[in-house]
Amino acid sequence: MAETDDLQAFTSIMDALLRVSSNMKSMESELQCPLCKEMVKQPVVLPCLHSVCLVCASEVLVQHGYPVPDPVTSEPSSPASTPHTRSPRQGRRPLPKTERLDRVVRSGFGTYPGRRRREAPPLSIPFPCPSCQCDVELGERGLADCLRNLTLERVVERYRHTVSLGSPPVMCQFCKSPPAPLEATKSCTDCRASFCNECFKLYHPWGTPRAQHEYMAPTLTFRPKVLMCPEHDQEKVSFYCKSCQRLVCALCKLRRVHAGHKVTPVANAYQALKEKLTKGISYILANQELVQSQIGQLQALITQTEINSSSAREEAGHCLGELCAALEERQGALFQALEASRQRRAAALAAQVSERQALLEHAGLLAFTQEVLKETDHSCFVQAAKQIHNRMVKATESLQNFSPLVDSSFKHFQLDVSQELKLLSELNFIRAPLAPVIDTQRTLAYDHVYLCWRLPVDSAPAWHYTVEFRRTEPRGAKLPRLWRRLEEVSGTSAVIERLEIDCMYVLRVKGFNKAGFGEYSEEIYLHTPPAPVLNFFLDARWGFHGDRLILSKDQRAVRSVPGVSLLQAAERALTSCHLTSDLLIGDMAVTQGRHYWACSVDPGSYLVKVGVGLEARLQEWFHVPQDVASPRYDPDSGHDSGAEDAAIDSPPPFSFLTVGMGKVLLPQGGPCPSGGGGSNATSPGVGLQQPAPRDHSSQSSHQPQQQPSQCLTAPLPSRLGVCLDFEKGRVSFYDATSLRPLWEGPVDCSAPVCPAFSFIGGGALQVQELVANRSAEQQQSRRVTIQSPVTN
């Protein structure tokens, strides 16, 4: 029974040793120097936080033309001042500070204490880090500014003791007992030597300073007890600079280099980093099953990659084979056409050769003619010679005007394969489409969102596109909304329906072809209208002036042209200011709720008023002729658009925003007074017709001049939005592209209210068409899916 227990204990110990050995062996790659690929020896930490051997780093600097650093001295082997001193009494003499000596040796490249400070800026030595594949700046002192990685040295030492179980033991360096020194039991960190128990007592007697030396387990590698500042020999590194990511001493902390940096005590940095590493290790250990599943997925991907690469190779070979077959087929057709041309030319030339052979001396025609000439009977001769004469004339003309029937040249059968060769040289595997570029000029949010985009010039073509969109959340939201998706969108535009009112949406697009999906476009943010869109047309039934207003066929656009009435009024131009004002309204009135619409005003328009008004008052306005001066609209008559007939606090029946000459007139602090020319609660023609001037001297001495209202101007947006809240009696004007508010004012909503537009002088205006009307070509089935949050 006892033997069985001992066997189980031995087995468990061996299993533990094997696990420890396996864990230590698995991290061997972490302990190798990236330069020599061996275990690091005296590693130093570069500014990029990677570690390399001190000797390897010195060799790299020498290869790059920097001065040769002094060699690193070997570790002292005697606790006394010299290696030959064996007496404990002489060993009481103070030892030289080896850490200082080591730093002096390492302070490599022409940096000496007490040298004069150079006026030129300090040089910086670049070091090519093999781990991050980039140059890091070592500073003026080179490797002397790099701290030694003592932690990595300790890990390497533990690794050697754990894995290399057969390594020779550390022997005492001061034993005199024959035949061989005893195995060391302690190593003195101050003496930097290893001792057995007897020698340690001999060289560290009680009552001497050496009795206070610190000792450790036997080792052949000695290192400083603590890290000292490379610039200040007597200062320990007691702070950590988060900005520079390096350890500094108390004196370095006060330097200008670290002014404004986040410097924390090294104990705090130790605790914070230790907690982070502990949390990271705990998380990884707690998710080992996830790691295994990911490894399985990666291995499956490796297998699938091999299969897909073979399939792609076969497909590419098939395509190239078809290309070669088509080339061979075309080659046969071209050769056949060439041979047919050769045969036709050879036949024609052979016929000409036969004709010329008939003209030879002993040919049949000449011989027959000579025999006919021997005929003496005149009538018989004429009968026979007539036909021969015709043939002889043709032969003579052919002889005199000789030219081959065909050309022997085959220049027009030459092939120009420059374009084909260029295409073949550019033959390559297809690429996924590049990121589309969204057309911000054509993209808009109205009744629906109309998104338009295009591919870059050098992009591969796309078979179809995927549009993704989601509503943005406020900053305090915990999780972002899921992406909604329109798939298989053909063309370069899409209409997105059923979006919430007065919300901000983010949209993006990506293309797809045989190579897969391409990159996403840049995200674009669109704000939906603040109210449902009102669809209306321009109404030409009331007071429409055909000679001054030209209405489009779809009744959504109108252009104002100064008519004959303005020409007839030119006679009064020296005595009064007379302008015609033409009003046009929408064919739909609002009786409840909130409604929004948009329009575009031509920047070259003289004066255009956009707004709303009571339908009854607009009818009254239509029935008043505006080509003559009207007492009702005369500022001196005591009336201004009927506003004085109502109570002082009652809202105005009209509310307009004045646009002209590429500007928008914005009142300060609310609607302008009734006599202003801005967005005011007056009729569209108020302030534009004035009576003939009276005596200037009396007018200036008895009547004060009317001061214009305090208004601001803003650039005319590409589209102007109007939002009417019937219940609140308020109308708001927006920049329809960004939905930036421009102005808000009251309006009387006690009766139906209509959209209204007024033209003074030349101008043009177009009411925004519904996006739904554009989607006729896009009425094809699309799948709307839900996608998990995407980080990019």
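Residues numbered from 1 in each chain as written. Predicted model: local features only at pLDDT ≥ 70, side-chain atom pairs only at ≥ 80, totals over all residues. Heavy atoms only, no water.

A. Structural view of the sheet that holds strand S9 (residues 246–248). On the basis of which strands lie adjacent, the open sheet formed by three strands has the order S9-S8-S10 and antiparallel pairing. On the outer flanks of this sheet lie S9 and strand S10 (263–265), each paired with one strand and no other. Ignoring which end each strand starts from, the neighbouring axes of this sheet average 35° apart. Here strand S8 (residues 239–241) runs beside S10; their pairing, made up of three bridges, is antiparallel. Opposite Cys241, over in S10, you have Val263 as the bridge partner. The sheet strands contacting helix H7 (residues 266–286) are S8, S9 and S10, and the helix crosses S10 at an angle near 85°. (Pairing = 2+ DSSP bridges. Helix = DSSP H or I, 4+ residues; strand = E, 2+ residues; numbered from the N terminus. Axes fitted to C-alpha atoms, helices over the stretch in contact; angles between N-to-C directions. Contact = heavy atoms within 4.5 Å.)

B. Representation of the confidence of the model for the chain in the model. Counting all residues, the mean pLDDT for the chain is 75, and 72% of those residues have values of 70 or more. Within the model, the stretch residues 71–120 combines pLDDT values under 50 with 77 contacts to residues more than four positions away or in other chains. Counted against residues more than four places away or in other chains, residues 625–647, with its pLDDT under 50, gives 47 contacts. (pLDDT = per-residue confidence, 0-100.)

C. Spotlight on the packing of aromatic side chains. Across all of its chains, the model carries 13 aromatic pairs by this definition. Between Phe195 and Phe200 the ring centres are 5.9 Å apart and the planes differ by 75°, which places this aromatic pair in the edge-to-face class. Of the residues examined, Phe200 reaches a relative accessible area of 13% and is grouped as buried. For the pair Phe512 and Phe517, a centre-to-centre distance of 4.8 Å together with 50° between the ring planes defines the contact as tilted. Classification of Phe517 as partly exposed rests on a relative accessible area of 44%. Pairwise contacts between aromatic rings join Phe174, Phe195, Phe200, Tyr203 and Tyr215 into one cluster. Lying over the aromatic face of Trp483, Arg470 brings its terminal NZ or CZ to 4.7 Å of the ring centre. The lysine or arginine in question, Arg508, covers the ring of Tyr520, its NZ or CZ lying 3.8 Å from the ring centre. (Phe/Tyr/Trp six-rings, centres within 6.5 Å; stacked < 30°, edge-to-face > 60°. Buried < 20%, exposed > 50% of the residue type's maximum accessible area, 1.4 Å probe, protein only. Lys NZ or Arg CZ within 6 Å of the ring centre and 35° of its normal.)

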